[in-house]
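Overview (structure and organization)
Here is what each chain is made of, one letter per residue.
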Amino acid sequence: MTVTIPQANPGAGYRALKMEIDAAVARALDSGWYILGQEGRGFEAEFANFLGAEAAVGCANGTDALALALRGLGIGAGATVITVSHTAVATVAAVEMAGATPLLLDIDPAHYTLDPAELAEVLAHPPAGLPPIRAVIVVHLYGQAADLDVILKLCRAHGVALIEDCAQAHGATLHGKRLGTIGDVGTFSLYPTKNLGALGDGGVLATNDTSLAARIAALRQYGWRTHYISDEIGVNSRLDEIQAAILRAKLPHLDAHNARRGKIADAYDAALSDLRPPARRRNATHVFHQYVLRVADRAAIQARLREQGIGTGIHYPMPVHLQPAYQDRIALGPARCQASETAAAEVLSLPMYPELTDAQVDRVCVALRSI
Ligand SMILES: *Cc1c(COP(=O)(O)O)cnc(C)c1O
């Protein structure tokens with residue numbers, strides 16, 4: 001049977017806002033200015049305002065946003081950066097792009113985010129043979145906050161920078177604050193399937209440190225602070241005007257889209273009451289980039305849902321430290337990422353996008369109950 005309820009559906013996201021998006025694209029095309037102009041500046045201002053951050057800086061994608069955050073903080077060769085192995089490979093790739101050495105720790109298996117106990121242990125007793133630890137990148141995976149209450153205190157106590165990888169958590173909060181505004185820098189991917197997605201590649205960083213924002217804005221364009229004059233060695237990682245205009249059309253809908261994801265998650269929770277619905281952290285809003293189950297017989301369940309036209313995904317099938325490009329050469333923390341390896345074997349993502357209809361959600365719930 002063909003899949004009639006895909007796991008993600010960026011085309012439906014476009015069609016739902018087609019008039020607004022088409023008008024925004026036309027406006028950008030008509031302007032005659034295609035890179036770093038008023039659409040980009042407008043998006044940066046509106047996104048900073050949405051988050052409650054002092055500044056936002058657009059860039060080409062979420063991987064570059066992480067690498068630019070590290071470079072902006074002066075972290076590169078001769079520094080160790082702690083992050084997790086249960087994440088998009090981009091998180092770890094960005095650390096190496098910046099020239100730094102990754103150290104991968106395990107997750108708290110209930111929330112799929114950095115285990116603060118292992119972080120405390122590693123900061124107190126850094127592993128031998130690694131450069132000094134200069135930064136932690138927490139990943140708010142699937143749309144839910146990492147344990148920032150503990151992690152921020154640990155980072156401050158050890159003089160280590162905190163970067164929030166918010167590629168899956170646009171609009172999510174902890175204690176009422178938007179994620180991406182709690183650490184030193186927040187980074188966002190604007191890939192089409194993310195909670196806030198362009199119709200192409202895009203990324204954005206947020207910070208309350210305006211001089212850091214200015215440095216990152218220079219680094220994204222050859223290190224220019226003045227046109228044609230490089231203050232330091234930069235890169236080309238710009239957000240184009242067409243994508244910025246599309247994002248400005250979509251941003252006003254983000255909270256409503258996240259609320260709809262939450263309603264779909266509630267329906268899945270109710271259908272699954274006998275199994276274990278995903279844990280939700282207290283004092284936080286989860287924006288359900290993914291709704292993720294833990295199942296032992298994953299392939300069989302995927303096949304049975306597929307027979308009923310329901311698509312599923314796996315985020316992610318292999319932790320970064322086991323992938324061929326990283327295997328046997330990346331430093332691991334004392335927990336040896338064992339919970340990450342178990343999660344990778346068991347996670348299953350259900351269909352999740354705001355345009356799912358109630359009838360489609362019911363179909364998924366009925367199918368789940370029958371399994
Ligand atoms: C999508 C994603 C990225 C990378 O973003 P790109 O825009 O694809 O470069 C980084 N981290 C996480 C957690 C992601 O989900």
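First things first, this report covers the structure right here in the doc. (Residues numbered from 1 in each chain as written. Predicted model: local features only at pLDDT ≥ 70, side-chain atom pairs only at ≥ 80, totals over all residues. Heavy atoms only, no water.)

Considerations on the packing of helix H2 (residues 18-31) against helix H9 (residues 241-250)
How we decide: Axis angles are defined between N-to-C directions and span 0 to 180 degrees, where every axis is a line fitted to C-alpha atoms and, for a helix, only to the segment in contact. Helix and strand definitions here come from DSSP, where helices need a minimum of 4 consecutive H or I residues and strands a minimum of 2 consecutive E residues; each element is numbered from the N-terminal end. Crossings are assigned a handedness: left-handed for a near helix turned anticlockwise from the far helix by less than a right angle, right-handed for a clockwise turn. Residues are treated as being in contact if the distance between any of their heavy atoms lies within 4.5 Å. Lys, Arg, Asp and Glu make up the charged group, whereas Ala, Val, Leu, Ile, Met, Phe, Trp, Tyr, Cys and Pro make up the nonpolar group; the residues left over, Gly among them, are polar.
For the pair H2 and H9, the least separation of the axes is 8 Å and the interaxial angle reads 145 degrees. Classified by chirality, the crossing of H9 by H2 is right-handed. Residues Glu20, Ile21, Ala24, Val25, Arg27, Ala28 and Leu29 of H2 pack against Glu241, Ile242, Ala245, Ile246, Arg248, Ala249 and Lys250 of H9. Of the residues belonging to the contact of H2 with H9, the class tally is nine nonpolar, no polar and five charged.

Looking at the environment of Pro10
Its location among the elements puts Pro10 in helix H1 (residues 10-16). Sequence spacing of Pro10 and Tyr191 is 181 residues, and the spatial spacing of their C-alpha atoms is 9.7 Å.

Focus: the pattern of salt bridges
Note the threshold: Note on definitions: salt bridges are taken to be side-chain nitrogens of Lys or Arg within 4 Å of carboxyl oxygens of Asp or Glu. Under the scheme applied here, a residue whose accessible area is under 20% of the maximum for its type counts as buried, over 50% as exposed, and between as partly exposed, the area being computed with a 1.4 Å probe on protein chains only.
Enumeration over the complete set of coordinates arrives at 14 salt bridges. The partner of Glu39 in a salt bridge is Arg248, with the nearest N and O atoms 3.0 Å apart. Of the two residues, Glu39 sits in helix H3 (residues 38-51) while Arg248 sits in helix H9, which places them 209 residues apart along the sequence. Since its relative accessible area comes to 3%, Glu39 is described here as buried. Take Arg248: its relative accessible area is 23%, and that puts it in the partly exposed class.

Topic: helix H13 (residues 358-370)
Here is the rule we go by: One less than the residue count of a helix, multiplied by 1.5 Å, gives the span that helix is expected to have. Each direction from the helix axis to a C-beta atom contributes to the arc, which is the arc of those directions.
For H13, which comprises 13 residues, the first-to-last C-alpha distance of 18 Å matches the rise-based estimate of 18 Å (1.5 Å per residue) to within 8%. If you check which residues of H13 are buried, you get Val361, Val364, Cys365, Ala367 and Leu368. Looking straight down H13, one finds that the buried residues subtend no more than 165 degrees of arc, so they occupy a single side. Counted as exposed and oriented over 90 degrees from the buried face of H13: Asp358, Ala359 and Arg369. In this fold, the buried residues of H13 make contact with helix H10 (254-271), strand E15 (292-294) and helix H11 (298-307).

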